[in-house]
Amino acid sequence: MEVVIEIKNLKKSFGDIGILKGINLTVKKGENVVILGKSGSGKSVTIKCIAGLLTQDEGSLKVFGEEIKDLKEDELKALRCRIGFLFQSAALYDSMTVRDNLIFPLKRVLKIKDNALIESRCIEVLEAVGLADAIDKMPSDLSGGMRKRMGLARTLIVKPEIILYDEPTTGLDTITSKEISNLMLQIQKKYQATSVIITHDIPCSSITADRVLIIDDGVFIAEGTHEELENSQDDYIRSFFK
Amino acid sequence: MQKQLPFTKSLVAVADQAYFFQSFFRNIFKKGFEWDELFRQSYIIGYKSIGITTLTGFILGIVMTLQSLPTLKEFGAASYIPSMVSVSIIREIGPVIIALICAGKIASSIGAELSSMNVTEQIDAMKVSGANPIQFLVVTRILACAVMIPLLTIFADAMALVGGYIAAAMNGGITMTLYFHKALTILDYTDVVPAFIKTILFGISIGFIGCFKGFTYNNGTASVGLAANSAVVTSSIWIIIIDGIVVQLTNSILYT
Ligand SMILES: Nc1ncnc2c1ncn2[C@@H]1O[C@H](COP(=O)(O)OP(=O)(O)OP(=O)(O)O)[C@@H](O)[C@H]1O
Ligand SMILES: [Mg+2]
């Protein structure tokens, strides 16, 4: 299988504080990798490095075989068109309606000009996340969970090859969480998308994960399938699943 | 971090601004220019400020006339009122006052808007959505200011002449035709052209400093207020500096 993300000995610090202390990760095409870890352990920083939003201090990070930190502005922009990123905070554009939030990536990543096609893509993706009737609302009129789902819709609308999910189900009720997790699974199956999923939601991990990694103090301390880690000998690792 | 002297600090600030400016400049000519956003921003910037700039211009004209009338009358020179008001408003007071008002209104709102977009990761979201934030946010806003602030100034100048006429008419009975004839014939291109160029530069510095502060202050919600505040202060300083430079250049080019 083709390797799409290859991280070797990645280190990143802010000021004097080391956050990532040697991350190693290889993700193959079509794989769903779940990252678990305590709050503040550097999960968001890791996927921001993958999207080129942060630059590592040391180590190598290749996406589709290209070293991210060596890319020029335009090359990085082109590469990012193949990557979807769901922000922990959803990061909706406040000044635009839900529809314009969706059109923004659609026009720029896929360069679609046909208005009818744009409209049908928007409705299709909003239905998938259960927000079809919010299309003309402003982000400020959405609830926390709706914003999260809206962020997911905006990420998925361009059908990226790699999807980086930062806590996709946080703040959602159990039923909606399950639906979203199943949607993520479906997207993996349907489009052979590769995903890195950060979550604290164990059911989400058990539904979506092909492989689970646990990050602690800037390094991965365990790796395996969801079942393997859930039944680990190590109390600390098992404690993530309770 | 090493402690910096105030002087070094302002040098570093200017260097940062210069760097940001060249990245703005490079992005003007990149393909994929955001026309829609340019028109939207021009509309917002022009429309939001037209009320306050019109009112300011109008009152400025009245006040200028009322303030100078007694003195000029004393010297029997009351008939110079239209020319005096016209020259001083159009050459200097109009552009500078309107630019300072726009610094308070536009630079602060751009600074706050971009800073809050930065804090809430919206700018990162644009990057991963295949957009270039400098091109989409910065280029459009600066160019919109460069176009709209001259227009607002011209409009305010015109209102100042109207205000001046009303004040003069009420205090000495000058006809409208005579007033505007005197006010407009005194002007030649050496008054109008430098003033117009100046307003374009003011517009650029307002948009530019707003964007620069919005991109620089990106740590936590507190920085939104700081960005707005510092955008007003810094762009006002630039307006004064640019004004001084343009006056000096105009004088040395035209009158020596
Ligand atoms: N831009 C930044 N500047 C300085 N420090 C940062 C920055 N981004 C993250 N950090 C620090 O890096 C550490 C890890 O942050 P990160 O956001 O990756 O945590 P996380 O694992 O995603 O936690 P959570 O589950 O709460 O989202 C935190 O201690 C945070 O303070
Ligand atoms: Mg996080």
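The rules behind these values
Residues numbered from 1 in each chain as written. Chains lettered and ligands numbered in written order. Predicted model: local features only at pLDDT ≥ 70, side-chain atom pairs only at ≥ 80, totals over all residues. Heavy atoms only, no water. Domains from an automatic or database assignment. Contact = heavy atoms within 4.5 Å. Buried area = accessible area lost by both parts, 1.4 Å probe. Salt bridge = Lys/Arg side-chain N within 4 Å of Asp/Glu carboxyl O. Polar contact = N/O pair within 3.5 Å; in protein donor to acceptor, adjacent residues only side chain to side chain. Helix = DSSP H or I, 4+ residues; strand = E, 2+ residues; numbered from the N terminus. Nonpolar A, V, L, I, M, F, W, Y, C, P; charged D, E, K, R; others polar. Buried < 20%, exposed > 50% of the residue type's maximum accessible area, 1.4 Å probe, protein only. Pairing = 2+ DSSP bridges. Right-handed = clockwise from strand over helix to strand, strands pointing away. Donors = N, O, S within 2.8 Å, 3.2 Å for Na, K, Ca; no water. Near = heavy atom within 4 Å. Areas by Shrake-Rupley, 256 points an atom, 1.4 Å probe, with all protein chains shown as cover. Core = buried A, V, L, I, M, F, W, Y, C linked by side-chain atoms within 4.5 Å.

Q: Before we go on, may I ask you to explain the domain arrangement of chain A in this structure?
A: By a widespread convention, an interface's size corresponds to the accessible area lost as its parts come together. Residues and elements named next belong to chain A. The domain boundaries assigned to chain A delineate domain 1 (1-82 + 162-242) and domain 2 (94-159). A C-alpha centroid distance of 24 Å is found between domain 1 and domain 2. Contact residues are listed per partner, giving 14 residues for domain 1 and 10 residues for domain 2. Interface area for domain 1 against domain 2, summed over the two sides, is near 970 Å², with a carbon-plus-sulfur share of 79%. Per-residue buried area on domain 1 facing domain 2 is highest for Cys81, Leu183 and Tyr191; these three make up 39% of the total on that side. Across the domain 1-domain 2 interface, the total number found is 0 salt bridges. Inspection of the region where domain 1 meets domain 2 yields 1 residue pair in polar contact (both at pLDDT 80 or more). Among the secondary structure elements, those contributing two or more residues to the side of domain 1 that touches domain 2 are strand E7 (162-166) and helix H6 (174-191). It is H6 that provides the largest number of residues to the side of domain 1 that touches domain 2, a total of 5 residues. Partitioned by chemical class, the residues of the side of domain 1 that touches domain 2 number 9 nonpolar, 3 polar and 2 charged.

Q: Is there a simple way to think about the pairing of strand E8 (residues 194-198) of chain A in this case?
A: Consecutive side chains along a regular strand alternate between the two faces of the sheet. Residues and elements named next belong to chain A. The element E8 is extensively covered by neighbouring structure, given that 5 of its 5 residues are classed as buried. By the alternation rule, side chains of E8 split into Thr194, Val196 and Ile198 and Ser195 and Ile197, which are all buried. Across 4 bridges, the pairing between strand E3 (residues 32-37) and E8 is parallel. Of the residues in E8, the one forming a bridge with Val34 is Ile197. Pairing geometry for E7 and E8, over 5 bridges, is parallel. In the strand pairing of E8, Asp166 is matched with Ile198. Tracing the backbone out of E7, into H6 and back to the parallel element E8 gives a crossover that is right-handed.

Q: What exactly am I supposed to notice about the coordination of the magnesium ion (ligand 2) here?
A: Bound to the magnesium ion (ligand 2) on the protein side are Ser44 of chain A (OG) and Gln88 of chain A (OE1), at distances that span 1.9 to 2.2 Å. Taken together, the residues Ser44 of chain A in helix H1 (residues 43-50) and Gln88 of chain A in the loop between strand E6 (83-86) and helix H3 (98-109) connect sequence positions 44 residues apart.

Q: How should I be thinking about the site of ligand 1 in this particular structure?
A: All names here are of chain A. With respect to spatial proximity, 13 residues lie near ligand 1, and among them Ser39, Gly40, Lys43, Ser44 and Gln88 are the closest. Between an oxygen atom of ligand 1 and a side-chain N or O atom of Ser39, the distance comes to 2.6 Å. Within the contact set of ligand 1, an oxygen atom lies 3.2 Å away from a side-chain nitrogen or oxygen of Glu167. The fraction of the free accessible surface of ligand 1 (640 Å²) that becomes covered by protein chains is 61%. When residues in the shell around ligand 1 are grouped by element, the largest group, 3 residues, is from H1. Counted by class, the shell around ligand 1 contains 3 nonpolar, 7 polar and 3 charged residues.

Q: What should I look at first to understand the nonpolar core in this one?
A: Among soluble globular proteins, nonpolar side chains are generally buried collectively. Val63 and Leu164 of chain A together with Met126 and Ile206 of chain B are the most contacted members of the largest nonpolar core, which has 80 residues in total. Of all the elements, helix H5 (residues 133-172) of chain B adds the most residues to this core, at 12 residues. Non-local contacts of Val63 of chain A, meaning those with residues more than four positions away in its chain, are made with Val4, Ile50, Ile68, Leu79, Ile83 and Ile162 of chain A. Ranked by size, the runner-up nonpolar core spans 46 residues in total, among them Leu92, Ile103, Leu126 and Leu131 of chain A.

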